[in-house]
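Fold and geometry: a report
What follows is each chain in one-letter form.
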Amino acid sequence: MKRLYIIICFLIPAMVWGQRVTPIEAQAWKQQADQVTIVRDNYGIPHIYGNTDADAVFGLLYAQCEDDFPRVEMNYIEKLGQLSEVYGESKIYDDLLTRLVIDSAAAVRDYESAPEWLKKLCNAFADGINYYLYTHPEVKPKLIQKFQPWYPMLWTDGSIGAVSTANFGARDLRQFYTGDNINTTLAAAHEEVVTGSNGFAFAPRITASGHAILYINPHVTFYFRPEVHVVSNEGLNAYGAVTWGQFFVYQGFNEFCGWMHTSSYADVSDAYLEDVTTVNGRHFYLYDGERLPVNEKQFTIRYHTPEGIREKHFTGYFTGHGPVMGIRNSRWVTVKSDNRNIRGLIQSWKRTKAGSFQEYKEIMGLLANASNNTVYADATGNIAYWHGNFIPRRDPSLDWSQPVDGTTSKTDWKGLHPVDETIHIYNPDNGWIENCNSTPFTAAGSFSPKREDYPAYMAPDEQNFRGLNAVRILPAEQHYTLDKVIEKGYDTYLMAFESLIPAIVRAYNGLPDGDSLKSGLKEPVKMLSQWNFHSSVNSVATTLAIYWGEKIMPRVYRTKVRQGEDNSTVNKTLAFASTADASQLLLPLLATVRELEMKFGSWKMPWGEVNRFQRISGDIENHFDDNKSSIPVGFASSVWGMLPSYSSRAFPGTVKRYGVNGNSFVCAVEFGQKVKAKSLLAGGESGNPASPHFFDQGEMYAQGQFKEVWFYKEDVMNHAREQYNPGERKR
């Protein structure tokens, strides 16, 4: 079935780009810049001081642009659905997906009707970026010549996975909107996503100081967020990580409390099977016995080619549930979701200024955080956890992990669950809370919520090896300090191999004498059998295990678990370890030995020799070179249960592996009369290779060596290296 492409104009096409700066604008920007002071400390971290909140936002966005304007711009090119204009035809359906689920016209309306305080922040966002471009004419944007104040309404959550589409993606759109291979089925393969995060909170009863401690440990693409400190005379004093181009601290702390977000799998979007008929060229869908018209919107996707910009035109289809995202068993599938919400932006800002546990809970009551769990600690000793926040109320008798019947109102959302009905933990008696993108039902050990008390759609999250590892190590200490918290966060135990390696040894020992594998694998198996499952730069066993593990994981993901068990990677791994035969275990190990010998000349390669950290380019797309300097890293991917996640792989032209994802901004913060904190950032603050802060934290990162956080003005000034108003930095 071929679809008709019809021409459309995107909401505000030509007027967004290429607007000239008027003298009045330039003068207004300069006046606001004079109300802002940026202090750069010894690691280049910007401490932004503004008279008003809007002044602070102006300075924050200006400082972000100084550090990495290309990433600021690219995030909004993506949210505008215009990646194809930069990257070409391969991004057309990614852009179409964005246009379908993020309504730019609604974003403009939200900005225009926003409360005055929020509108001031949005104006300051645009003005700070535009003033940077005005004062740096040598910077040439790829696409956006002038930023608009409604852009923050496109992206109201700072998460790396802020868009939820019920597991439908660009491939589904291409199949539906072009008619190619349209009768697809839901993917059966299961793979754990290697992005994620860890959050820990410790109550005063188990800390040495008697104050609560929070551990902030997001796992994202390297250089996805910088470290910032933003202060105003209107009560703002927030420190932490900000997603490039956003005006609120996403994961961090203020003088009273701290917040850590982990990506949540709570069900926030649903797929609906529609009954669609066509009459005289118009489409209608069945709903409660009535045929309703399918709404149509026209989209034009502009895309780059060597010959210049070309256009592809689409008709997008919408029912009352949402956009049509694909087709299953000859039925159109729509997706209902909430991928941008002005309340989400309000919630993201207000949490940075929360001054009490009660106030933080009231902010959670906005119910607009659609992608995160929250781990919390504060200066009065509270620790807390919320599993998700935006949780639609549904019929619990239905399986919401699959597309549901769209022809009846019985499957409609019935409002949102209030905070007290969602899964949460307040001040558990064990004194600690953890979440590692894992089930909330082990988050506080034996004091965790009970699965049977909640509908399944609230927590479809499976257990993972990081979660198991956290639950294993956190109860062992009763006198936590910042350094002891960091030590736990950097535990290098690879729990996945706890069952896999014994399976190798059993299979090897069961080989008959004279089997060629018996002699060929004798030394590797002996080394693995003596391994303590901890990774390190000097460990050859780590290298063997990970290269072997990567070979068997496709089979692990296909392994069926026992009836009644969840389909988690943990259970699949345990099932594989107990059922795999010798050939499934040992032949991949032999292939691993041969691969290492071919690549490196020997299989006896210490992990740090092959697993490296390198930053040689400021490009958003990483570049790596075996012939250039790099740093050995002893950490590994979270897939294996590694808490300080470091996902690496080889690239075209390289033999060694280079990290691209994992620990990014990491921070341990202790609350009390004064805040104390230590932090670490992947690589460095700046995206400019010429900056001294491009890779000044590289060695520290590889060793898990944290720096002191300068939170109070006196400390900031004692470690200041630069102080300037926006537009007046010496270059």
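Below, the structure is looked at part by part. (Residues numbered from 1 in each chain as written. Predicted model: local features only at pLDDT ≥ 70, side-chain atom pairs only at ≥ 80, totals over all residues. Heavy atoms only, no water.)

Quick look at the pattern of salt bridges
Note the threshold: Any Lys or Arg side-chain nitrogen found within 4 Å of a carboxyl oxygen on Asp or Glu counts as a salt bridge. Starting at the N terminus, helices and strands are each numbered in turn, a helix being any DSSP run of H or I of at least four residues and a strand any DSSP run of E of at least two. Any residue under 20% of the maximum accessible area for its type is buried, any over 50% is exposed, and the rest in between are partly exposed; the area is computed with a 1.4 Å probe on protein chains only.
Evaluation of the coordinates by the stated rule reveals 30 salt bridges. A salt bridge links D103 to K297; the shortest N-O distance between them is 3.6 Å. Taken together, the residues D103 in the loop between helix 5 (92-101) and helix 6 (104-113) and K297 in strand 13 (residues 295-305) connect sequence positions 194 residues apart. Of the residues examined, K297 reaches a relative accessible area of 37% and is grouped as partly exposed. Taken together, the shared-partner salt bridges in this structure form one network comprising R40, E66, D67, E722 and R729.

Re the pairing of strand 12 (residues 290-293)
This is how it is decided: One bridge is not enough; two strands pair if DSSP finds at least two bridges between them.
One ladder, built from 4 bridges, connects strand 11 (residues 282-287) with strand 12; its direction is antiparallel. In the strand pairing of strand 12, F284 is matched with P293. Counting the residues that bridge the hairpin from strand 11 to strand 12 gives 2 residues, and of these D288 lies at a positive phi of roughly 50°.

Some details on the packing of aromatic side chains
Rules: Under the pairing criterion, centres of Phe, Tyr and Trp rings, with the six-membered ring standing for Trp, must be within 6.5 Å; the plane angle then separates stacked pairs below 30 degrees from edge-to-face pairs above 60, leaving the rest tilted. Criterion for a charge above a ring: Arg CZ or Lys NZ at most 6 Å from the ring centre, at most 35 degrees from the ring normal.
For the coordinates displayed, the defined rule picks out 52 aromatic pairs. Taking the centre distance of 5.5 Å and the plane angle of 70° together, the rings of Y490 and F635 count as edge-to-face. Here Y490 is found in the loop between helix 12 (482-489) and helix 13 (497-509), whereas its partner F635 is found in the loop between strand 23 (631-632) and strand 24 (646-649), with 145 residues between them in sequence. Each member of the pair, Y490 as well as F635, is classed as buried. Here the basic side chain of K361 rests over the ring of F357, its NZ or CZ set 4.5 Å away from the ring centre. Lying over the aromatic face of Y426, K361 brings its terminal NZ or CZ to 5.1 Å of the ring centre.

Structural notes on the sheet that holds strand 19 (residues 404-405)
Going by this rule: For this analysis, residues touch if any pair of their heavy atoms sits within 4.5 Å. Here, axes are lines fitted to C-alpha atoms. For helices the fit covers the stretch in contact, and angles between N-to-C directions go from 0 to 180 degrees.
Strands sit in the order 15-16-9-19 across an open sheet of 4 strands; the sheet is mixed. Every other strand in the sheet has two partners, leaving strand 15 (324-328) and strand 19 as the edge strands with one partner each. Relative to strand 16 (residues 331-336), strand 15 runs antiparallel, the two being bridged by 4 bridges. By the bridge assignment, V324 is partnered in strand 16 with T334. Packing against the sheet, helix 8 (residues 170-178) makes contact with strand 15 and strand 16, and its axis sits at approximately 80° to strand 15.

Examining the pairing of strand 14 (residues 308-318)
Strand direction decides the pairing type here: strand 13 and strand 14, joined by 11 bridges, are antiparallel. Counted as the bridge partner of T300 is H313 from strand 14. A loop of 2 residues connects strand 13 with strand 14, the two strands running antiparallel in sequence.

Any functional reading would require information that these geometric values do not contain.
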